[in-house]
Amino acid sequence: MITVKSFEFNYFSVNTYLLHDETREAVLIDCGCFRKEEELELSNYVIANKLTVTHLLCTHLHLDHVFGNEFVNRTYGLKPQAHKADAETLPSPQEQAKLFGIQDKIQTIPIGKYIVGNEIIKFGNSELLVLLVPGHSPGSLIFYNKKDGFAIVGDAIFNRSIGRTDLWGGNHDVLVAAIKDKILSLPDETILYPGHGPATNVIEENLNNPFL
Ligand SMILES: [Zn+2]
Ligand SMILES: [Zn+2]
């Protein structure tokens, strides 16, 4: 059984997810911690729960979802994993920061491993199926666990909304088609944990999302 812990970090109120199972192996998804207090909140949770963090996964490479990568690299010795299309299309985090008017110094950790749709990521006794859901960014991924019935969906879909498509490589029609194909086709009760805002589930979004 996977425990899903969420944190809300940085200027953009990004949801960072830390998943672990009974083996205490853990996976970080979209580590957005930025201020010292945020780094401590995360590392204290890891220590208190005696977790071993084995993967740092990125749903996509927008700035708000990678702020904490340098901290994770320094603390747990991990490099981020993401889709190649984002790495090749999006400006560096430093350049994204400039465009958003952020003055702070941003350190970048190069991608350690490219991941693709339909790949399975294993940790402890658990696994996550990677699904490519492009449109918010060209390489946006979601991480689906069938057994416990949830998916970490990044900025593809939110509670009654969908991701913006006006940033690098975004495409509205591609996003809507990918959401219908890869997310709304999951079992109705599947919990969706988005990159911003509260969790939802497939049936709720099928019935009530005005963008779909
Ligand atoms: Zn995004
Ligand atoms: Zn975001």
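Residues numbered from 1 in each chain as written. Chains lettered and ligands numbered in written order. Predicted model: local features only at pLDDT ≥ 70, side-chain atom pairs only at ≥ 80, totals over all residues.

Caption draft 1: Looking closely at the overall build of the chain. Along its length, the chain carries 6 helices and 14 strands. Taken over the C-alpha trace, the chain has a radius of gyration of 16 Å; the compact-globule value for 212 residues is 17 Å, and the two agree within 12%. Each principal axis of the C-alpha distribution contributes one length, and for the chain these read about 40 × 40 × 25 Å. Across the 212 residues of the chain, 41% fall into the buried class. Of the contacts made within the chain by residues no fewer than 6 positions apart, 64% connect residues no fewer than 24 positions apart. (Helix = DSSP H or I, 4+ residues; strand = E, 2+ residues; numbered from the N terminus. Rg over C-alpha atoms; globule rule 2.2 N^0.38 Å. Buried ≥ 20, exposed ≤ 12 C-beta atoms within 10 Å, placed from the backbone. Contact = placed C-beta atoms within 7 Å.)

Caption draft 2: Here's a closer look at helix 5 (residues 172–183). With 12 residues, helix 5 extends 16 Å from end C-alpha to end C-alpha; this agrees with the ideal 16 Å at 1.5 Å per step. Along helix 5, the positions that sit buried rather than exposed are Leu 175, Ala 178, Ile 179, Lys 182 and Ile 183. Seen end-on, helix 5 carries its buried residues on one side only, within an arc spanning 105 degrees. Residues of helix 5 that are exposed and angled more than 90 degrees away from the buried face: Asp 173, Lys 180 and Asp 181. The inward-facing, buried residues of helix 5 abut strand 8 (126–132), strand 9 (141–145), strand 10 (150–154), strand 11 (157–158), strand 12 (161–162) and helix 6 (202–208). (Expected span 1.5 Å × (residues − 1). Arc of directions from axis to C-beta.)

Caption draft 3: Fine view of the nonpolar core. Among the nonpolar cores identified, the biggest contains 51 residues, and Leu 28, Ile 142, Phe 143, Ala 151, Val 153 and Ile 183 are the most heavily contacted of them. The residues touching Ala 151, leaving out its near neighbours within four places in the chain, are Ile 142, Phe 143, Tyr 144, Leu 186, Thr 190 and Leu 192. (Core = buried A, V, L, I, M, F, W, Y, C linked by C-beta atoms within 7 Å.)

Caption draft 4: Quick peek at the sheet that holds strand 6 (residues 113–114). One open sheet accounts for 6 strands, arranged 1-2-3-4-5-6; its pairing is mixed. Looking at the sheet topology across the chains shown, the edges are occupied by strand 1 (3–9) and strand 6. Where strand 4 (residues 52–57) lies against strand 5 (residues 80–82), 2 bridges are found, and the strand directions are parallel. Looking across to strand 5, one finds that Leu 56 is bridged to Pro 80. Its contacts with the sheet place helix 1 (residues 36–48) against strand 1, strand 2 (14–20) and strand 4, and it is angled at close to 165 degrees to strand 1. (Pairing = 2+ DSSP bridges. Axes fitted to C-alpha atoms, helices over the stretch in contact; angles between N-to-C directions.)

Caption draft 5: Quick look at the environment of His 65. Tracing the sequence through the fold places His 65 in the loop between strand 4 and helix 2 (69–76). Using a count of 30 C-beta atoms within 10 Å as the deciding quantity, one classes His 65 as buried. For the pair formed by His 65 and Lys 113, sequence separation is 48 residues and the distance between their alpha carbons is 17 Å. With residues up to four places along the chain from it excluded, the contact list for His 65 reads Val 14, Asp 30, Gly 32, Cys 58, Thr 59, His 60 and Gly 195.

Caption draft 6: Inspection of the pairing of strand 13 (residues 191–194) at higher detail. Note that strand 10 and strand 13 share 4 bridges and pair parallel. What sits directly across from Ile 152, in strand 13, is Tyr 193. Direction of pairing for strand 13 relative to strand 14 (residues 200–201): antiparallel, over a ladder of 2 bridges. When the bridges of strand 14 are listed, Leu 192 appears paired with Thr 200. Following strand 13, the chain reverses through 5 residues before pairing antiparallel with strand 14; Gly 197 in that reversal takes a positive phi of roughly 80 degrees.

Caption draft 7: Local environment of the sheet that holds strand 10. Pairing within the open sheet is mixed, and its 6 strands lie in the order 7-8-9-10-13-14. The strands lining the two open edges of the sheet, one partner per strand, are strand 7 (120–123) and strand 14. Relative to strand 9, strand 8 runs antiparallel, the two being bridged by 4 bridges. Bridged to Leu 129 within strand 9 is Tyr 144.

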